[in-house]
Amino acid sequence: MKIALLGTGRIGRLHARLLTATPGVDELLIADVLPERAGEAAAEVGGRAVPTIEAALDEAEAVVIAAATTAHADLIRASADRGLPTFCEKPLAEDIGATIEVAHHIARTGIPFQLGFQRRFDAGYAEAHRLIASGELGTLYNFHLAGHDPEPPHEGYIPQSGGLFRDFSIHDFDIIRWMTGREVVEVYADGDVRGFPMFAKYNDVDTAVATLRMDDGSLGVLTVARHDPLGYDIRAELFGSKDSISVGLGPRTPIRSVEPGVPPQAGPAWPHFLDRFGAAYSAEFGAFLRVARGDEPSPCTEHDGVQALRIAEAATQSLHEHRPVRVEEIANS
Ligand SMILES: NC(=O)c1ccc[n+]([C@@H]2O[C@H](COP(=O)([O-])OP(=O)(O)OC[C@H]3O[C@@H](n4cnc5c(N)ncnc54)[C@H](O)[C@@H]3O)[C@@H](O)[C@H]2O)c1
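As the structure is a computational prediction, the values presented were derived from the model and not from experiment. (Residues numbered from 1 in each chain as written. Predicted model: local features only at pLDDT ≥ 70, side-chain atom pairs only at ≥ 80, totals over all residues. Heavy atoms only, no water.)

Trainee: Can you tell me about unusual backbone geometry, naming the residues and giving the values?
Mentor: The residue after Lys90, namely Pro91, is reached through a cis peptide bond having omega -15°. Position of Pro91 relative to the elements: it lies in the loop between strand S5 (86-89) and helix H5 (96-109). The phi angle at Asn203 is positive, at roughly 55°, despite the residue not being glycine. In this structure Asn203 comes out as exposed when scored by relative accessible area, which is 57%. You will see that His322, though not glycine, has its phi angle at about 55°, which is positive. Position of His322 relative to the elements: it lies in the loop between helix H12 (302-321) and strand S13 (325-326). (Helix = DSSP H or I, 4+ residues; strand = E, 2+ residues; numbered from the N terminus. Buried < 20%, exposed > 50% of the residue type's maximum accessible area, 1.4 Å probe, protein only.)

What follows is the structure, given as structure tokens:
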């Protein structure tokens, strides 16, 4: 299959490498609004740089969008209007109105569509999902979700990101829905700028917390930070009536125990999301090829994108208004 990759920034470069190694990808066409970036990525991985987005779409049999968030909705529409199976990095769009509109557009055109929540393809999160679904965890009492980036993104990324909850925690909002099969009904969030004043310029924060109430009454806490000097720390802990489990805790977790007698970490800490989720991104593209061929339904749909963003919107409102926000306050259609 001939795939067009649109956008070759931080993650687009990784996706270029992974896509050329994905069985079933015969040719990778690479385009970016900055054509020199597409050229560099193509030279790096052996794809073919295409001078414009239009030209890439005209030739492609399926499309992978890894461009800046603000470009997602237009690129999805352009791809859907050609009837092309489309994968798009999270989120669908930068705000809830545009997200709902583009989700309707995808549904109207009926294209196979997959959104990039790669944690669904991570072995640890998948095992947590299985333990909850099978009943082996028992009644879920509460949970802790943790997301800590090693370094903040470049400043140009911040105004295009939608803010910390929409950009980063949206993965946690998706994965808690997916792991538990339940919906978040209420969010109470707080945050501050603790390390990087550039976030304040864009009315954003670099450190935040949120409590989440699920529709079955289970309760969770999310902690987020844009900087972690030890590495990339993404974890979940879930406590049930029959078991307590941890996702992301292992020899490469960037956290150290200060208990006497506990040995130091065995391996180097995860430096970056590209390493921590490398296997998950590969599995995600394997799935997309099957979705694009029509062999299986999408494992992560535009509906999932809308629901995760509604929670992120509720968290963002809660942060700015200093009150608990019900997710039902956020538009759904
Ligand atoms: N799933 C994940 O783990 C994950 C991780 C990082 C980023 N992302 C998402 O991936 C997207 C890109 O993030 P990034 O960190 O690579 O950003 P980035 O700023 O490094 O790169 C964005 C790229 O998009 C290009 N671009 C902008 N508008 C375009 C358009 N209309 N058509 C084609 N290319 C265009 C830019 O020139 C740039 O090369 C964001 O939406 C982000 O939310 C997902």
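What follows picks up the thread again.
Trainee: So what about the sheet that holds strand S3 (residues 48-49)? Which residues, and what values?
Mentor: Read across the open sheet, the 6 strands follow the order S3-S2-S1-S4-S5-S6; overall the sheet is parallel. The two strands at the open ends of the sheet, each matched to only one other strand, are S3 and strand S6 (113-116). In this sheet, strand S2 (residues 27-31) lies alongside strand S1 (residues 2-6) in parallel orientation, the contact comprising 5 bridges. Bridging from a neighbouring strand, Ala4 pairs with Leu29 of S2. The strands touched by helix H11 (residues 278-293) are S1, strand S4 (62-65), S5 and S6; relative to S6, the strand with the most contacts, the crossing angle is about 170°. (Pairing = 2+ DSSP bridges. Contact = heavy atoms within 4.5 Å. Axes fitted to C-alpha atoms, helices over the stretch in contact; angles between N-to-C directions.)

Trainee: Which residues make up the site of the ligand, and what values go with them?
Mentor: With respect to spatial proximity, 28 residues lie near the ligand, and among them Arg10, Asp32, Arg37, Thr69 and Tyr281 are the closest. Measuring from a nitrogen atom of the ligand, one finds a backbone N or O atom of Val33 at 3.5 Å. Here an oxygen atom of the ligand sits 3.2 Å away from a polar atom, N or O, in the main chain of Ala68. Protein coverage of the free-state accessible area of the ligand, which is 850 Å², stands at 89%. At the level of elements, helix H1 (10-20), helix H4 (72-81) and helix H8 (164-180) are the ones that each hand at least two residues to the shell around the ligand. Grouping the constituent residues of the shell around the ligand by class yields 13 nonpolar, 9 polar and 6 charged. (Near = heavy atom within 4 Å. Polar contact = N/O pair within 3.5 Å; in protein donor to acceptor, adjacent residues only side chain to side chain. Areas by Shrake-Rupley, 256 points an atom, 1.4 Å probe, with all protein chains shown as cover. Nonpolar A, V, L, I, M, F, W, Y, C, P; charged D, E, K, R; others polar.)

Trainee: How would you summarise the packing of H8 against H12 if you had to cite specific residues and measurements?
Mentor: At a minimum axis distance of 8 Å, the contact between H8 and H12 shows a crossing angle of 125°. In terms of orientation, H8 lies oblique with respect to H12. The interaxial crossing formed by H8 with H12 has right-handed handedness. Here H8 contributes Phe165, Arg166, Ile170, Phe173, Asp174 and Arg177 to the contact with H12, which in turn contributes His303, Asp304, Gln307, Ala308, Leu309, Ile311, Ala312, Glu313, Ala315, Thr316 and Leu319. Classifying every residue of the contact of H8 with H12 gives 9 nonpolar, 3 polar and 5 charged. (Parallel < 35°, antiparallel > 145°, perpendicular 65-115°, else oblique. Left-handed = near helix turned anticlockwise from the far one by under 90°.)

Function cannot be read off these values alone, since they describe shape.
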